[in-house]
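# Residue-level structure breakdown
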Amino acid sequence: MKYPSEVGDITVFRIENALGAYVELSTLGAGILSVNVPDRDGKIENVALRYENPADYYADDACMGKSPGRFANRIAGGHLVVGDKTYSLELNAGPNSIHGGPTGFQNRIWNAEPLADGVKMTYHSEDMEESFPGALDVSATFRWNEKNELSLDFKAVGDADTVVNLTNHAYWNLRGADSGKILDHSLKVKASKWLPIDATHIPTGEIADVVGTPMDFRSAKAIGRDINADFPPLNIGAGYGQCWVFDDWEPGKFQENLVELRDDASGRVLIMGSDQPGAQIYTANRVTGTPLNCSGRSYGPQEGVAIEMQHFPDSPNKPNFPTTFLPAGEIYENHIVWRFLVK
């Protein structure tokens, strides 16, 4: 189905499996509009925060469900060095650049090719688009299977040296997309390290232990248990909005069961796997005044949690972080799987 918008026609695809569970995907920003899965009683309901009108996703502050790029997350001061050249990115998050600039990949219409079990979306980014060097061809392939698993495979190749960090920015509420706060959802993360941040949300470069801090989710706990603790990063972000460092990561190695999100009221469980070194987990602390959702209201803070499998923020300026440098002609890959269960 097509929807007009100020940047062109948006195409929305619905992929349904034999169980009646389905996903809706948008060509605006290679976006996830909805993921409709059963609860313990068999009731199928959307668990991805969404706006009612697909055109309202354009230029929204929350980056709802979309795939930001060319560099997801923040780059300090918009300062980027590739080879012997320095590039100045637009500052669209206080003193920093975020999500590839004010337009980024998330506010572009992607081309789409329907598949038997999903959609392959592609986008061509011109050289110096949003001040990033080199033209880049990107694909995002979504697949939905009979096990209620949604997968997303990114690939990218450029004609010049550049940096790339891609992810998807869906927000999850397993009780239902319009059901209120997610503070009683339990969260478990396979990460014994996390990245401390400065007052502008830029990693300091330290890779710190979670032990003895509110950042410890190695065992499942309610998201809201420690979210109001007097702890510097939680004070800065009014809640969780940091990057966790996965245990046992190696380049190109896919790991299952990295993150588990559970809602005991519905019985729904989301388990995520990825080959990325970390996850930015954001409890929507400052999401407010959004476009209307399907209940006819705007979302407020902490009504969803974004779990963004990706490389670390500000990696181009942190030599001790895994590199996001992509040499000309080499292929960037990123694989993410969301598995929905009932327990």
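## A word on the overall build of the protein chain
The number of helices and strands found in the protein chain is one helix and 26 strands. By the compact-globule yardstick of 20 Å for 343 residues, the protein chain fits well, its C-alpha radius of gyration being 19 Å. Considered along the principal axes of its C-alpha atoms, the protein chain spans approximately 60 × 50 × 40 Å. Within the protein chain, contacts between residues separated by at least 24 positions form 66% of all contacts whose residues are at least 6 apart in sequence.

## Regarding empty space enclosed by the protein
Take a probe with the size of a water molecule and roll it over the atoms, and the empty space left behind shows itself. Tallied over the full model, the rule gives two cavities of 30 Å³ or more. Size it by volume and the largest cavity reaches roughly 50 Å³. Every residue lining the largest cavity is listed: Asn73, Arg74, Leu195, Ile197, His201, Pro203, Gly241, Gln242, Cys243, Gln280 and Pro313. A per-element tally of the lining of the largest cavity places strand β20 (residues 241-245) first, with three residues. When grouped by side-chain class, the residues that make up the lining of the largest cavity number five nonpolar, five polar and one charged.

## Examining the side chain of Ser315
Counting through the fold element by element, Ser315 comes out in the loop between β24 (305-310) and β25 (325-326). If sequence neighbours within four positions are ignored, Ser315 has contacts with Phe71, Phe321, Pro322 and Thr324.

## As for the sheet that holds β24
Strand order in the open sheet made by the six strands is β15-β24-β23-β20-β17-β18, with antiparallel pairing throughout. What marks the edges here is a single partner per strand, and that holds for β15 (171-172) and β18 (208-209). Sheet analysis places strand β17 (residues 193-194) next to β20, joined by two bridges and oriented antiparallel. Each residue of the ladder has a partner; that of Lys193, found in β20, is Val245.

## Quick word on the sheet that holds strand β22 (residues 268-274)
Reading across from one edge, β10-β11-β12-β13-β26-β22-β21-β16-β19 is the order of the nine strands in this open sheet, with antiparallel pairing throughout. The sheet is open, and its two edges are formed by β10 (111-115) and β19 (221-222), each paired on a single side. Bridge analysis of strand β13 (residues 149-158) against strand β26 (residues 331-342) gives nine bridges, and the strand direction is antiparallel. Residue Leu152 lies in a different strand from β26, and its bridge partner there is Ile336.

## Here's the deal with the side chain of Asn148
In this fold, Asn148 is placed in the loop between β12 (136-144) and β13. One polar contact links Asn148 to Asn17, side chain to side chain, over a distance of 2.8 Å. Apart from residues no more than four positions distant in its own chain, Asn148 is found in contact with Asn17, Leu19, Ala21, Val37, Pro38, Trp338, Arg339 and Phe340.

## Some details on the nonpolar core
Judged by nonpolar contacts, the single largest core of 61 residues is most densely connected at Val35, Trp172, Trp244 and Trp338. Looking at which element gives the most residues to this core, the answer is β12, with five residues. Contact partners of Val35, with chain neighbours within four places excluded, come to Tyr22, Val23, Glu45, Asn46, Val47, Ala48, Trp144, Leu150, Trp172 and Phe340. If you look at the next biggest cluster of nonpolar residues, it comprises 17 residues, including Val12, Tyr171, Val287 and Ala306.

## Structural notes on the pairing of strand β23 (residues 278-282)
Taken across its five residues, β23 has five buried, putting it largely inside the fold. In the sheet, β20 pairs with β23 via five bridges, with the strands oriented antiparallel. What sits directly across from Val245, in β23, is Gly278. The pairing of β23 with β24 spans five bridges and is classified as antiparallel. Bridge assignment links Gln280 to a residue of β24, and that residue is Glu308.

## Points about the pairing of strand β3 (residues 22-26)
Across a regular strand the side chains alternate sides, sitting on one face of the sheet and then on the other. Summarising burial for β3: five of the five residues are buried, a large majority. Neither face of β3 is exposed, since Tyr22, Glu24 and Ser26 on one face and Val23 and Leu25 on the opposite face are all buried. In the sheet, strand β2 (residues 10-16) pairs with β3 via five bridges, with the strands oriented antiparallel. Its bridge partner being in β3, Val12 is matched across the sheet by Ser26. Between β2 and β3, which pair antiparallel and follow one another directly, the connecting turn spans five residues, one of which, Gly20, has a positive phi of 90°. Across five bridges, the pairing between β3 and strand β4 (residues 31-38) is antiparallel. Residue pairing in the sheet places Leu25 in a bridge with Ile32 of β4.

Thresholds, definitions, all that
Counting restarts for each chain: residues are numbered from 1 in the order of the written sequence. At least 70 in pLDDT is required for a residue's local features to be given in this predicted model, at least 80 for side-chain atom pairs to be given and counted, and no such filter applies to totals for whole chains, interfaces and linings, which use all residues. Excluding hydrogens and water, the side-chain figures rest on all heavy atoms present in the structure. Segments assigned H or I by DSSP are reported as helices when at least four residues long, segments assigned E as strands when at least two residues long, and all are numbered from the N terminus. For this measure, only C-alpha atoms enter the radius of gyration; the expected value for a globule follows 2.2 Å times N^0.38, where N is the number of residues. Contacts are assigned to residue pairs with any non-hydrogen atoms lying within 4.5 Å of each other. The definitions used throughout rest on a 1 Å grid laid over the protein atoms alone, on which a cavity is an enclosed set of points accommodating a 1.4 Å probe that cannot get out and a pocket is an open set flanked by protein within 12 Å on both sides along at least five of seven lines; lining residues are those having an atom within 4 Å of a point. Grid points are joined across faces, edges and corners, and a volume is the space filled by probe spheres set on the points. Note on residue classes: Ala, Val, Leu, Ile, Met, Phe, Trp, Tyr, Cys and Pro are nonpolar, Asp, Glu, Lys and Arg are charged, and everything else, Gly too, is polar. We treat two strands as partners when DSSP finds at least two bridges between them. Pairing of N or O atoms within 3.5 Å defines a polar contact, subject to two protein rules: one partner must be a possible hydrogen donor and the other a possible acceptor, and residues neighboring in sequence count only if both atoms are side-chain atoms. Residues belong to one nonpolar core when they are buried, are Ala, Val, Leu, Ile, Met, Phe, Trp, Tyr or Cys, and are joined through side-chain atoms within 4.5 Å. Burial status follows relative accessibility: with a 1.4 Å probe on protein chains alone, a residue under 20% of its type maximum counts as buried, one over 50% as exposed, and anything between as partly exposed.

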